[in-house]
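# Summary of the model geometry
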Amino acid sequence: QVMLVESGGGLVQAGGSLRLSCAASARTFSSIVMGWFRQAPGKEREIVARFTTDGNTYYTDSVKGRFTISRDNAKNTVYLQMSSLKPEDTAVYFCAARAIGTSVYQYWGQGTQVTVSS
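The present account deals with the structure reproduced in this document. (Residues numbered from 1 in each chain as written. Predicted model: local features only at pLDDT ≥ 70, side-chain atom pairs only at ≥ 80, totals over all residues. Heavy atoms only, no water.)

### Notes on the overall build of the protein
The condition is simple: Secondary structure counts use DSSP, requiring at least four H or I residues in a row for a helix and at least two E residues in a row for a strand, with both numbered from the N terminus. Relative accessibility thresholds used throughout: buried, under 20% of the residue-type maximum; exposed, over 50%; partly exposed, between the two (1.4 Å probe, protein chains only). Contacts were defined at the residue level, with two residues in contact if any of their heavy atoms lie within 4.5 Å. The method behind every accessible area is Shrake-Rupley, applied with a 1.4 Å probe, and residues are considered shielded solely by the protein chains displayed.
A tally of helices and strands in the protein yields zero helices and eleven strands. Ordering the α and β elements of the protein from the N terminus gives β-β-β-β-β-β-β-β-β-β-β. When the backbone C-alpha atoms are referred to their principal axes, the protein occupies close to 40 × 30 × 25 Å. Buried positions account for 44% of the 118 residues belonging to the protein. For the protein, the proportion of contacts with a sequence separation of at least 24, taken over those separated by at least 6, is 55%. Accessible area of the protein: about 6,200 Å², with a carbon and sulfur share of 49%.

This is the structure:
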């Protein structure tokens, strides 16, 4: 079982920055692959950024060049650094984890609200 706890959301003006953190309880952090998703009101949940199994990163087009996903294995934590924020980035952000070798994200955090004002 993996428990995920996000933090770092909040209200920021357009053009500002926020860093989200996701702490995982996994006993073997290296055995899971993590990603960040978001869900805006009235919209479906979408992938924002994720690690691939081989350690590379993927970003959805709308955040490329503005968001950076990173991880600290010593702290069992994944981060999402968000810069040049836009009002359309407003959403609840979730971190999620899947076991290596699987394709479905089985574990989810509770979500953290990010609101970008214009």
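### Looking at the nonpolar core
The criterion, for reference: Each nonpolar core is a collection of buried residues, namely Ala, Val, Leu, Ile, Met, Phe, Trp, Tyr and Cys, held together in the definition by side-chain atoms within 4.5 Å.
Formed by 32 residues in total, the largest nonpolar core has its most connected members in L4, M34, W36, L80, M82 and Y93. Y93 has contacts with E6, L20, F37, R38, V48, F67, L80, M82, G111, T112 and V114, leaving out every residue within four places of it along the chain.

### Regarding the pairing of strand β5 (residues 46-51)
Stated formally: Should DSSP find at least two bridges between two strands, the strands are regarded as paired.
In terms of strand pairing, strand β4 (residues 32-39) meets β5 through four bridges, oriented antiparallel. Directly across from R38, in β5, lies its bridge partner E46. Linking β4 back to β5 in an antiparallel pair, the connection comprises six residues, with G42 at a positive phi of about 75°. Pairing of β5 with strand β6 (residues 57-59) involves three bridges; the strand directions are antiparallel.

### Concerning the pattern of salt bridges
Just so we agree on the cut-off: A carboxyl oxygen of Asp or Glu within 4 Å of a side-chain nitrogen of Lys or Arg is what we treat as a salt bridge.
Inspection of every chain in the model, using the stated rule, returns four salt bridges. Residues E46 and R38 are paired through a salt bridge, measuring 2.7 Å at the closest nitrogen-oxygen approach. A network of salt bridges, in which partner residues are shared, links R38, E46, R66 and D89.

### Some remarks on the packing of aromatic side chains
Keep this limit in mind: Working definition: rings of Phe, Tyr and Trp (its six-membered ring) pair if their centres are within 6.5 Å, and the pair is stacked with planes under 30 degrees apart, edge-to-face with planes over 60 apart, and tilted otherwise. Counted as over-ring charges are cases with an Arg CZ or a Lys NZ within 6 Å of the ring centre that also lie within 35 degrees of the ring normal.
Per the stated rule, a full pass over the model turns up four aromatic pairs. Consider the rings of F37 and Y105, whose centres lie 5.1 Å apart with planes at 80°: the pair is edge-to-face. Remark: Y105 occurs in the loop between β9 (91-99) and β10 (107-108) and F37 occurs in strand β4; sequence separation between them is 68 residues. The exposure class assigned to F37 is buried, which follows from its relative accessible area of 11%. Overall, Y105 belongs to the buried group, its relative accessible area being 14%. Both rings, one in F37 and one in W108, keep their centres 4.8 Å apart while their planes meet at 55°; by these two values the pair is tilted. Here W108 lies in strand β10 and F37 lies in strand β4, a separation of 71 residues in the sequence. Here a set of aromatic residues connected by ring pairs shows up, and it is made of F37, F94, Y105 and W108. Sitting over the face of the ring of F94, R45 holds its NZ or CZ atom 4.0 Å from the ring centroid.

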